[in-house]
Amino acid sequence: NIPQLSHKVQVIEKILSKNNAMADEIRDEWDKHNITCFNLMSSPGSGKTTTLENLSDKLPYKFAVIEGDLETSRDAERLRDKGIWSFQLQTGRACHLDAGMVKKALPEFPYEDVEIAFIENVGNLVCPASYDVGAHYNIVFVSVPEGDDKIEKYPVMFRKADLVVITKCDMVEYFDFDIDRAIESARKLKPDVPVILLNNKNGEGLDKLIEWIKSKRGEYVLSNTK
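Described below are features of the structure shown in this document. (Residues numbered from 1 in each chain as written. Predicted model: local features only at pLDDT ≥ 70, side-chain atom pairs only at ≥ 80, totals over all residues. Heavy atoms only, no water.)

1. A few points about the pairing of strand β4 (residues 116–120)
Within a regular strand, side chains alternate between the sheet's two faces.
Part 1 of the argument: Of all 5 residues in β4, 5 are buried; the element is thus mostly enclosed.
Part 2 of the argument: Burial of β4 is two-sided: the residues Ile116, Phe118 and Glu120 facing one way and the residues Ala117 and Ile119 facing the other way are all buried.
Part 3 of the argument: Sheet topology note: the strand β1 (residues 36–41)/β4 ladder contains 5 bridges and is parallel. Bridge assignment links cysteine 37 to a residue of β4, and that residue is alanine 117.
Part 4 of the argument: Note: strand β2 (residues 63–69) against β4, 5 bridges, orientation parallel. (Buried < 20%, exposed > 50% of the residue type's maximum accessible area, 1.4 Å probe, protein only. Helix = DSSP H or I, 4+ residues; strand = E, 2+ residues; numbered from the N terminus. Pairing = 2+ DSSP bridges.)

Here's what the structure looks like:
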């Protein structure tokens, strides 16, 4: 059995190596156009699309979205209704986006019209963490109804986070979700990771998210112009 296991590991490493090379090509393309890219990851229904809709009214940058889903174009259509350019990637059975999929959106991407790209990954707290999609920063969402234990249960995902966003905070009184425990869990996995509490119903926390995005955009522009 050991040779068979070794073969499987080699195949996985080969797949990821090819994916990572393609992700570097995607980042190079963003860099050519001075675009900062954020990868949004979470389980289904955490509020990624709603957050993007709300950002369209307040974020002081032009942005576009590459949207990942197994089926349908509903999220992309929602964003288009808000005037946001979006490209739908339907993965079929794949539970994540990879660099090859994201690359398919690039020929149509409006490089000259935007400063920020968001990649909204497929809703899943496992597989997306393993695939570099060519982003500069990772934002991981977890919603109050999911429970605060999800951070500890899915450590690979939360170790990848440059920012953790706890959504649906208006529902905290109705669920067994300890915000302090969630923040502690996130920082055990990644010390000092920033955590933002977000209520998409009334917009509370959105300004903090915008400030974080602005700070990362500033860092990126500074490093990309050296």
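2. Here we look at the pattern of salt bridges
Part 1 of the argument: Within the structure shown, the criterion is met by 15 salt bridges.
Part 2 of the argument: A salt bridge links lysine 82 to aspartate 57, with the nearest nitrogen and oxygen atoms 3.2 Å apart. In this pair, lysine 82 is assigned in the loop between α3 (74–81) and β3 (85–90) and aspartate 57 in helix α2 (residues 48–58), connecting sequence segments 25 residues apart.
Part 3 of the argument: We classify lysine 82 as partly exposed; its relative accessible area is 37%.
Part 4 of the argument: For aspartate 57, a relative accessible area of 57% corresponds to the exposed category.
Part 5 of the argument: In this structure, lysine 58 and aspartate 207 form a salt bridge, with 3.9 Å as the shortest nitrogen-oxygen distance. Of this pair, lysine 58 sits in helix α2 while aspartate 207 sits in helix α8 (residues 206–224), and the two are 149 residues apart along the sequence.
Part 6 of the argument: With a relative accessible area of 48%, aspartate 207 lands in the partly exposed category. (Salt bridge = Lys/Arg side-chain N within 4 Å of Asp/Glu carboxyl O.)

3. Remarks on the nonpolar core
Part 1 of the argument: Residues Leu55, Leu59, Phe63, Phe118 and Ile213 are the most contacted members of the largest nonpolar core, which totals 25 residues.
Part 2 of the argument: Among the secondary structure elements, those contributing two or more residues to this core are β1, α2, β2, β4, β5 (137–143), β6 (163–167) and α8.
Part 3 of the argument: At 6 residues, the largest contribution of residues to this core is made by α8.
Part 4 of the argument: Discounting chain neighbours no more than four positions away, the residues touching phenylalanine 63 are Leu52, Leu55, Ser56, Ile84, Val114, Ile116 and Phe118.
Part 5 of the argument: In terms of nonpolar packing, the next biggest core, distinct from the first, is built from 24 residues, Ala99, Met101, Tyr111 and Ile119 among them. (Core = buried A, V, L, I, M, F, W, Y, C linked by side-chain atoms within 4.5 Å. Contact = heavy atoms within 4.5 Å.)

4. Details of the packing of aromatic side chains
Part 1 of the argument: A complete count under the given rule lists 10 aromatic pairs for this structure.
Part 2 of the argument: When the ring of phenylalanine 38 is compared with that of tyrosine 137, the centres are 5.4 Å apart and the planes differ by 25 degrees; the resulting orientation is stacked. With phenylalanine 38 in strand β1 and tyrosine 137 in strand β5, this residue pair connects regions lying 99 residues apart in the sequence.
Part 3 of the argument: The class for phenylalanine 38 is buried, based on a relative accessible area of 0%.
Part 4 of the argument: Residue class for tyrosine 137 comes out buried when judged on its relative accessible area of 13%.
Part 5 of the argument: Ring plane angle 70 degrees and centroid distance 5.3 Å describe the contact between tryptophan 85 and phenylalanine 109, whose orientation is recorded as edge-to-face. (Phe/Tyr/Trp six-rings, centres within 6.5 Å; stacked < 30°, edge-to-face > 60°.)

5. Considerations on the pairing of β3
Part 1 of the argument: In the sheet, β2 pairs with β3 via 6 bridges, with the strands oriented parallel. Looking at β3, one finds that valine 65 is bridged to serine 86.
Part 2 of the argument: Crossover β2 to β3 through α3 is right-handed. (Right-handed = clockwise from strand over helix to strand, strands pointing away.)

6. Description of the sheet that holds strand β7 (residues 195–197)
Through backbone hydrogen bonds, the strands of a sheet pair up, either in parallel or in antiparallel fashion.
Part 1 of the argument: Here we have 7 strands laid out as an open sheet, ordered β3-β2-β4-β1-β5-β6-β7, and parallel in their pairing. Strands with a single pairing partner mark the edges of an open sheet, and in this sheet they are β3 and β7. Each neighbouring strand pair of the sheet contributes to a mean axis angle of 20 degrees, computed without reference to strand direction.
Part 2 of the argument: Sheet topology places β6 next to β7; 3 bridges connect them, and they run parallel. The partner of valine 165 across the bridge, within β7, is isoleucine 196. (Axes fitted to C-alpha atoms, helices over the stretch in contact; angles between N-to-C directions.)

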